[in-house]
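Examining the three-dimensional arrangement
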Amino acid sequence: MSGADVWRLSATALAARVRAGDLAVADAVESGWRGPAAAWEADVHAVAHTDPGARAAASSAAARDRRTAPLAGVPVLVKDNLCTTDYPTTCGSRILAGYRPPYDATVIGRLRDHGAVVIGKGNMDEFAMGSSTEFSAYGPTRNPYDLGRVPGGSSGGPAAAVAYGLCPVGLGSDTGGSVRQPAAFCGVFGLKPTYGRLSRYGLVAFGSSLDQVGIFARHAGDVAATYAALAGPDPHDATTRQTPAPDVSRWDRGVAGLTFGWPANLWREGVEPDVVEGLEIAAVALERAGARRVAFDFMPGEYAVATYYLVATAEASSNLARFDGVRYGFRHDDAPDVRALYTRTRSAGFGPEVQRRILLGTYALSAGYYDAYYLTAQRARTRIRREYEAAFARCDCMLMPASPTLPFRLGEKTDDPLAMYLSDIFTIGANLAGIPGLTVPVGLTGANGRPPLPRAVQVLGPEDAEPVLLAAGRALEVGGDTIRLGAAHDTEFAWPTKR
Amino acid sequence: MSIDREDVKRIAELARLEIPEDRIERTARELSAVLDYAAALRRLDLEGCEPTVFAGLGAAGPAPLRADALDDVRRLTPETALAAAPEHEDDAFLVPPVVENLNP
Amino acid sequence: MAYEAVIGLECHIQLATVSKMFCGCPAEFGARPNSNVCPVCLGLPGALPVTNREAIDAAIRLGLALGSTIRDVSVFARKHYFYPDMPKNYQITQYDRPLCEGGALPVRIGDATRSFALIRVHAEEDTGKSFHPERHGDRQVSRVDFNRAGVPLLELVTQPVFREPAECAAFLTALRRLVRWLGISEGDMEKGHLRCDANVSIRPAGTQALGTKSELKNLNSIKGVEKGITAEIARQERVLASGGTIEQATLLYDADHDKLAVMRSKEHAHDYRYFPEPDLPQLAVDAAWLAAARERLAELPWTRAERFAAEYGLPAYDAGVLCDQRELADYFEEVVKEADPKKVSNWIMTEMLRHLKATQRGVSDWARNVPPHHFAFIIRSVETAQATATSAKSVLDEVFANGGDPASIYAERGIRARSSSDELLPLVRAAIEENPGPVAQYLGGKTATLGFLVGQVMKKSGGQAVPQTVKDLLEAELARRAAAR
Ligand SMILES: [Mg+2]
Ligand SMILES: [Zn+2]
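Residues numbered from 1 in each chain as written. Chains lettered and ligands numbered in written order. Predicted model: local features only at pLDDT ≥ 70, side-chain atom pairs only at ≥ 80, totals over all residues. Heavy atoms only, no water.

The name given to chain B in an unreviewed UniProt entry is Aspartyl/glutamyl-tRNA(Asn/Gln) amidotransferase subunit C, with the source organism recorded as Eiseniibacteriota bacterium. As recorded by UniProt, the Subunit (unreviewed entry) comment attached to chain B reads in full: "Heterotrimer of A, B and C subunits." Under the Sequence similarities (unreviewed entry) heading, UniProt states for chain B: "Belongs to the GatC family." (UniProt positions renumbered as here; feature names shortened; annotations may be inferred.)

The name an unreviewed UniProt entry gives chain A is Glutamyl-tRNA(Gln) amidotransferase subunit A, with Eiseniibacteriota bacterium as the organism. Checking UniProt for chain A, the heading Function (unreviewed entry) contains the comment "Allows the formation of correctly charged Gln-tRNA(Gln) through the transamidation of misacylated Glu-tRNA(Gln) in organisms which lack glutaminyl-tRNA synthetase. The reaction takes place in the presence of glutamine and ATP through an activated gamma-phospho-Glu-tRNA(Gln)." UniProt annotates chain A under Catalytic activity (unreviewed entry) with the comment "L-glutamyl-tRNA(Gln) + L-glutamine + ATP + H2O = L-glutaminyl-tRNA(Gln) + L-glutamate + ADP + phosphate + H(+)".

This is how it looks when you write it as C-alpha cells:
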C-alpha cells in the first residue's frame, strides 16, 4: 500500500505500523486530511472544529510513546460535546460559541494515553438533540453516500467522517440512539456501551441517566480496541461501574453456539423493506456461522419513545440550566438585570429544538405534573428494563433494526418533531435499560434508480455483553452477504463514491 | 391538547426562555403532540414497577465516595476560571446587579 | 386578643472539611476570589460530582448525636432555581429521602432542659457569593466569586416547636455548641458557618390551627435571630390587630436598623422541580460505617455533663459550663486527676474563663501555657496552705501570660502562706498606726472598714498573709485598743 493510502487502514493496522516505526504519527494523522477530506469535507461538513497546529502538537505528543501505545498514531474525530483543551467544545450550539474547556474529558485523556490523536470535533445536532445532524448552529452534515440525505444524528459528524475515510475511529455520544442510528445511516460500526462503562466526565450532559460515549469504526476489531482503551471505572464519574470492564480481546472468537433473539413482530409494519431485508441477511449469516435464532415477540418501541421523551427532556431541562451567560459562552449584550440576562441569553443562544425539549422537560418536572409525567416515565422505564431482562433470559443477544428507515432526505423531518423522534424507536430502549447495543453495517442497497445507501442491523445484549456483540458484529463483517471481507482484511470497506 | 398558552408561558418563565407571542400557540401544539403520544404509557401495566432512577440500578451498586482530600490537579487558577467568562474583572465574574442575596 | 407564635428554624451548618462536597477544591475561607474552583464546582459543561465521604460522616455523627434515624439508603436531588452565584442553576441537596430524619436537640434553658424536635438533617452544597452592586462605568454590576460554591453544608430543619424568640436563641447556642463539640463545624454565625432562617406564624393563644407563615432570612447572629423573630411576631400582630391578613412572604431582617423588608410574596414562590440527582447513585450507609461513626462520636456534651455531676459531685450548673466546649471538659478531667473537683471547677469558672474572655483566647491557648498538672499544682497550693489564694492567682496570671513552671516560681519568690502571729502582728500594728482615720471609723462602729485594713496588711505581706489570720489578729488588736481608751 502506498503512503498516500494510509487513511484506508483500520486503526489496529495503522497503529501496528506506527509502533513498528514504518509510519510517522504525523503522516498517519494527516493522511485523511490530505486524501479523502480534500474531496469530501467541503460537501459533507463532518468537522465542526479543527486546527492543523493543534493536530501537529497532538501528533508530536503521541509520537513520544509510539512504540508501545495500543492506538499509536490513530486519528480520532470526537463529537463536539466532549471537552477538549485543544479545540473548542460548542455542542453544535450558539450558546457555546468559541468556548474552550480548561480540561479534557476522561475518554479524551484515555485516547491520548493510548497513543491516539484527537484531530478535531465532529459536527452534531445542538446538544445532541436530533436524529439528523441538521440542528447544528454550524450548519448540517450530509451523508457521504448521498449528499441530499442526512447522516443520521445526533453524532452525524464523526459517523460521516469515519465513513468517508477522514479517520478510522470516531467518538460520539448516544442518549437515545445518537451513535447507533448515524452509524447505520453511514454504514459503519457504532457501539453504545453498557451504561457506566465509559466515563461521562467531560461529556456535556444531555440526559445523564441515558448518556453514554459511543464508538464509531469501520471494523469490529477497531471498535474492540477503542473500547478496551476507554472502558473502566473513573473516580470522577460516580456512575461508572466499579468493576473492571468486560474483556473484548476475543472479538474474533466467532458465534458458534450463540443464540440471538428474533423479535419479528417489531418490523411487521412501519419498517422499510430494505431494512427488513438487511435483518434477514444478517440472521442467515449468523446462522451460517453457527448461531441459533430464537423467535419471540417483544414490547413495541412506542412505549420506549414515550418514556424517553419524558425522562430525557426532564434531565436535559436541568442539565442545560447552567448555560446562562455568566461563566462561559454566549451572553446577550442587552441585559439590564439578571433575569433579562438569563432569558435573553438562553432564548438567543439555544435553537428551537433545544428550547422545545427544555420546555417539555420543565413541564414534566413542574409542580403538579411530576407524578403524571416524570414519575410515570421512570416506572415505565423499570417495566421496559424487565422486558429486556426477560428477553435475555432466552437468548445471548437480540437482532433489531438500528433505524426503521434508510437515510432520509435533508429537511424531510425537520418540521415534525414527533416524526423525528420516532426514527429512534429501535435504539431508545437500550438507553432506558442501560444495556449495550452495536450497529453493524450490512452493506449497501440500491433500488429503483436510487443510489446505493448503507443499511445496518443492531445487536443488543444484556449489561456487559460487549464481547458478545462484538463477536456477532465480527461474524457479520466477515460473513455478511453484501460485504465479503477476508479475515485478514485491514482496508476493505464499502467506500462511498462521490455523487 | 395537554398544554395551553398559559402553561407555555409558565414553563417558559421557569426555564428562563422567552417564547415570542406569535410562537406560543404553535409551541403549545408541538408540546401537546409529544405529551399526547406519551399518554400511551397509561396503557402500560406498571403494577409493581418502582421508578428507575439510575440506569443499571442494582448492578451498578451504591455511589462510590471520595476521600476528603485536595485535588490540585483539577483546580483552576482564577485566570483560567475566568478565561471563558463573557465579562470579568479583578478575579471576579461580572453580572448585572444582584439586589439582595435571596438564595432559598 | 392574645396571640402565640409558632416558630420553626432551618439551619445551615457549614462543615469544616478539607475539601468541598463534590470535588477536591479547598473548602477554606478567605482565599483569592475564584481560586478555589475546578470544573465541578464552577459548573463547567461536562463536569460531574463525586461525594465527599467525610462530609457524609459528619452528617451521620450529627444525626446520631441528635438521635435521628440514619437512612441506610438516601438520595441526592437537584433543586432548581436560577441565581448568579449558583454554578449549575440547581443545587445538589436531598429531598424526599434525606440522610437523617427525626431526633431532637436537648437545650438547657434556665434550670430546665427542653428537647426541641427535628424534622431532618441532610447534606447539600453551598452556593458562591455575589456582592452588592457597584458602579461600573455607566451601569451597575455585581461581582461573583465561586470559592464557596460546593462547600459542604448540613441543613437541619426543626419541627415548628418554638413559641418564644428566646427559645430559638437558646437552641442555636446549643446547636453551635454541639457542632463544635463534634468538631464538624466552627459554628460561627458571624462568619456564616452557621446560618439560620425562621418560619414564623402566629395564632390566637390556645388554638391549634397554624396561621400563615412568613419566612425570615438574613438572621446572621444569635442575637439577630431573637430580635428578628421578635420584630416579625410584632409585625404580624399589628397586621391582625388592624384587621389585615398575613400574606405568605419572605422577609429580610436588617439587624442594624431592627427592620424587616418584604422580599418576595407568594406570586413569586419557587417551583424547584426537585428530581433525583442522576449523576449520583444512591448513598448507602451500612452498619459498619454507622458503627465507626458512633465510635468516633464519643461522649456527647449533655451525657458528659450528667456524668460530671454524678462522678465529681458538681452542681448541674458547673457541669453544664464545663461541658460547653469539648476541650474545656477534657482539660477539666485532666486537672481533676490531681486536685479537688469542686475547687478545680471554681478555679476554671472564675479564673480561667475570665482570662480567656478578657484575652479573646481559647482553651487550647490556655492549655499550652498552663498544662493541667501546673494548674493542679497552683490549686493544691492554696488547699494545702502552701500559698494564699492571692499569691496563687498572681502566679497563675503570670503562667498564663508567659508560661513556666509554677513550682519554680514559688521557690524563686519564696512564696508561702504566712499565718504565724509572730510574723503578722508587727504588720497588723503598723497598718493600725498608719491609718488612724479608718481605725477611728471602725472603733466608732463602722465595722466594714475592717476589709480595708485587712487589705493594707495583705499588701505589706506581699500577698502571702493568710487573710483569715490577718482578720482575727486585726479584730483582737482593735478590741484591745478600744478597751484601752
Ligand atoms: Mg438548603
Ligand atoms: Zn472544585
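Some points on the overall build of chain B
The helix and strand inventory of chain B stands at 3 helices and 2 strands. In chain B, the succession of helices and strands from N to C terminus is α-α-α-β-β. Counting every position in chain B, which comprises 104 residues, the buried fraction comes to 47%. Counting contacts in chain B only where the partners sit at least 6 residues apart, residues at least 24 apart contribute 32% of the total. When the accessible surface of chain B is summed, it comes to about 5100 Å², and 50% of that surface belongs to carbon and sulfur atoms. (Helix = DSSP H or I, 4+ residues; strand = E, 2+ residues; numbered from the N terminus. Buried < 20%, exposed > 50% of the residue type's maximum accessible area, 1.4 Å probe, protein only. Contact = heavy atoms within 4.5 Å. Areas by Shrake-Rupley, 256 points an atom, 1.4 Å probe, with all protein chains shown as cover.)

Focus: the packing of helix α7 (residues 326-335) of chain C against helix α10 (residues 372-383) of chain C
Residues and elements named next belong to chain C. One can describe the packing of α7 onto α10 by two numbers: an axis separation of 8 Å at closest approach and a directional angle of 55°. Classified by the angle between their axes, α7 and α10 sit oblique to one another. The two elements α7 and α10 meet at a crossing, and its hand is right-handed. Side by side, α7 and α10 meet where Y331, E334 and V335 of the first sit next to P372, F375, A376 and I379 of the second. Residues of the contact of α7 with α10, tallied by class, amount to 6 nonpolar, no polar and 1 charged. (Axes fitted to C-alpha atoms, helices over the stretch in contact; angles between N-to-C directions. Parallel < 35°, antiparallel > 145°, perpendicular 65-115°, else oblique. Left-handed = near helix turned anticlockwise from the far one by under 90°. Nonpolar A, V, L, I, M, F, W, Y, C, P; charged D, E, K, R; others polar.)

Quick word on the sheet that holds strand β5 (residues 90-94) of chain C
Strand pairing in a sheet relies on backbone hydrogen bonds. The paired strands run either parallel or antiparallel. Pairing is antiparallel across the open sheet formed by 3 strands, whose spatial order is β5-β4-β17 (chain C). Both outer strands of the open sheet, β5 and β17 (275-276) of chain C, are each paired with one neighbouring strand and no more. Bridge count between strand β4 (residues 76-80) of chain C and β5 of chain C: 5 bridges; the pairing is antiparallel. Each residue of the ladder has a partner; that of K79 of chain C, found in β5 of chain C, is Q91 of chain C. Contacts between helix α9 (residues 302-319) of chain A and the sheet are confined to β4, β5 and β17 of chain C, with β4 of chain C contributing the most and set at about 65° to the helix. (Pairing = 2+ DSSP bridges.)

Brief notes about the interface of chain B and chain A
Taken together, the contact pairs 53 residues of chain B with 60 residues of chain A. Of all residues in chain B, R16, Y37 and T52 of chain B bury the most surface against chain A, accounting for 14% of the area lost on that side. Between chain B and chain A we count 3 salt bridges in total. Of the charged contacts, one joins R339 of chain A and E13 of chain B as a salt bridge, the two residues approaching to 2.8 Å between their closest N and O atoms. With 8 residues, helix α2 (residues 21-38) of chain B is the largest single contributor of residues to the side of chain B that touches chain A. Residues that form the side of chain B that touches chain A fall into these classes: 34 nonpolar, 6 polar and 13 charged. (Buried area = accessible area lost by both parts, 1.4 Å probe. Salt bridge = Lys/Arg side-chain N within 4 Å of Asp/Glu carboxyl O.)

Considerations on the pattern of salt bridges
Considering all chains together, one arrives at 74 salt bridges over all chains under this definition. Here E79 of chain B and R32 of chain C are joined by a salt bridge, their closest N and O atoms 2.8 Å apart. On the criterion of chain membership, the pair formed by E79 of chain B in helix α3 (residues 78-83) and R32 of chain C in the loop between β1 (3-14) and α1 (53-66) is interchain, its members lying in two chains. Two residues, D57 of chain C and R296 of chain C, come together in a salt bridge whose shortest N-O distance is 2.7 Å.

Thoughts on the nonpolar core
Counting residues in hydrophobic clusters, the biggest one holds 328 residues, and the most contacted among them are F127 of chain A together with L9, L62, F171 and F375 of chain C. In terms of residue count, helix α2 (residues 165-182) of chain C provides more of this core than any other element does, 11 residues in total. In this structure L62 of chain C touches I13, V121, L154, L156, L178, V179, L182 and I184 of chain C, once residues within four positions along its chain are discounted. Among the nonpolar cores identified, the runner-up in size contains 17 residues, and A431, V454, L473 and L478 of chain C belong to it. (Core = buried A, V, L, I, M, F, W, Y, C linked by side-chain atoms within 4.5 Å.)

Notes on helix α11 (residues 352-365) of chain A
Because an α-helix packs 3.6 residues into every turn, residues spaced three or four apart end up facing the same way. Counted at 1.5 Å a residue, the expected span for α11 of chain A with its 14 residues is 20 Å, and the 20 Å between its end C-alpha atoms agrees. The element α11 of chain A is largely enclosed, with a buried count of 13 among its 14 residues. (Expected span 1.5 Å × (residues − 1).)

Some words on the interface of chain C and chain B
In this complex, chain C contributes 63 residues to the contact, which on the side of chain B involves 43 residues. Roughly 4600 Å² of surface becomes buried between chain C and chain B when both sides are summed, with 59% attributable to carbon and sulfur atoms. Here chain C and chain B share 4 salt bridges between them. Two residues, D91 of chain B and R32 of chain C, come together in a salt bridge whose shortest N-O distance is 2.7 Å. The tally of links between chain C and chain B comes to 22 residue pairs in polar contact (both at pLDDT 80 or more). Of all the secondary structure elements, the ones that give two or more residues to the side of chain C that touches chain B are α1, β11 (139-145), β15 (249-254), β16 (259-265) and β18 (283-284) of chain C. For the side of chain C that touches chain B, the element with the highest residue contribution is β11 of chain C, accounting for 6 residues. Classifying every residue of the side of chain C that touches chain B gives 33 nonpolar, 17 polar and 13 charged. (Polar contact = N/O pair within 3.5 Å; in protein donor to acceptor, adjacent residues only side chain to side chain.)

A closer look at the pairing of strand β8 (residues 292-295) of chain A
Across 4 bridges, the pairing between strand β7 (residues 259-262) of chain A and β8 of chain A is parallel. Residue pairing in the sheet places T259 of chain A in a bridge with R292 of chain A of β8 of chain A.

Considerations on the coordination of the magnesium ion (ligand 1)
Residue and element names in this part refer to chain C. Coordination of the magnesium ion (ligand 1) by the protein involves H12 (NE2), E124 (OE), E124 (OE) and E155 (OE), with metal-donor separations of 1.8 to 2.7 Å. Taken in sequence order, the residues that donate to the magnesium ion (ligand 1) follow the motif H-x111-E-x30-E. Of this pair, H12 sits in strand β1 while E124 sits in strand β8 (residues 112-125), and the two are 112 residues apart along the sequence. With a relative accessible area of 10%, H12 lands in the buried category. (Donors = N, O, S within 2.8 Å, 3.2 Å for Na, K, Ca; no water.)

Notes on the UniProt feature "active site" (unreviewed entry) in chain A
Residues and elements named next belong to chain A. Cross-referencing UniProt, the feature "active site" (unreviewed entry) maps to K79, S154 and S178 in the present numbering. The named residues occupy 100 residues along the chain; their greatest pairwise C-alpha distance, 10.7 Å, places them in one compact cluster. Since its relative accessible area comes to 0%, K79 is described here as buried. Non-local contacts of K79, meaning those with residues more than four positions away in its chain, are made with K121, G122, M124, A128, S154, S155, P158, L171, G172, S173 and S178. A polar side-chain atom of K79 sits 2.9 Å from a polar atom in the side chain of S155. The topology assignment puts S154 in the loop between β3 (117-122) and α5 (156-164). Accessibility expressed as a relative area gives 0% for S154, which makes it buried. Residues in contact with S154, not counting those within four places in the same chain, are K79, N123, M124, D125, A128, M129, G130, S131, T133 and S178. Of the polar contacts made by the side chain of S154, one reaches the backbone oxygen of A128; its length is 3.4 Å.

Details of the domain arrangement of chain A
All names here are of chain A. Here chain A is partitioned into domain 1 (3-296 + 391-479) and domain 2 (302-384). Computed over C-alpha atoms only, the centres of domain 1 and domain 2 are separated by 26 Å. Interface of domain 1 and domain 2: buried area, both sides summed, is about 2700 Å²; carbon and sulfur atoms make up 68% of it. Of all residues in domain 1, I95, Y421 and L432 give up the largest surface area on contact with domain 2, accounting jointly for 28% of the area buried on that side. The interface formed by domain 1 and domain 2 contains 0 salt bridges. Between domain 1 and domain 2 we count 13 residue pairs in polar contact (both at pLDDT 80 or more) in total. Those elements that place two or more of their residues in the side of domain 1 that touches domain 2 are α13 (417-422) and α14 (428-433). (Domains from an automatic or database assignment.)

Considerations on the pairing of strand β14 (residues 214-217) of chain C
Residues and elements named next belong to chain C. Taking every second residue as pointing to the same face, both faces of β14 are buried, with S214 and L216 on one and E215 and K217 on the other. Strand direction decides the pairing type here: strand β13 (residues 194-204) and β14, joined by 3 bridges, are antiparallel. What sits directly across from N199, in β14, is E215. Note that β14 and β15 share 4 bridges and pair parallel. Directly across from S214, in β15, lies its bridge partner A249.

Comments concerning the packing of α7 of chain C against helix α8 (residues 341-359) of chain C
All names here are of chain C. Where α7 contacts α8, the axes come no closer than 10 Å and their chain directions differ by 135°. When the interaxial angle is binned, α7 and α8 end up oblique. Crossing handedness for the pair α7 and α8: right-handed. Contacts between α7 and α8 involve L328, Y331, F332 and V335 from the first element and P341, V344, S345, I348, M352 and L353 from the second. Taken together, the residues of the contact of α7 with α8 sort by class into 9 nonpolar, 1 polar and no charged.

Re the UniProt feature "domain: Amidase" (unreviewed entry) in chain A
In the UniProt entry, the feature "domain: Amidase" (unreviewed entry) is given for residues 44-469 of chain A. With 34% helix and 14% strand, the stretch residues 44-469 of chain A has end C-alpha atoms that lie 30 Å from each other.

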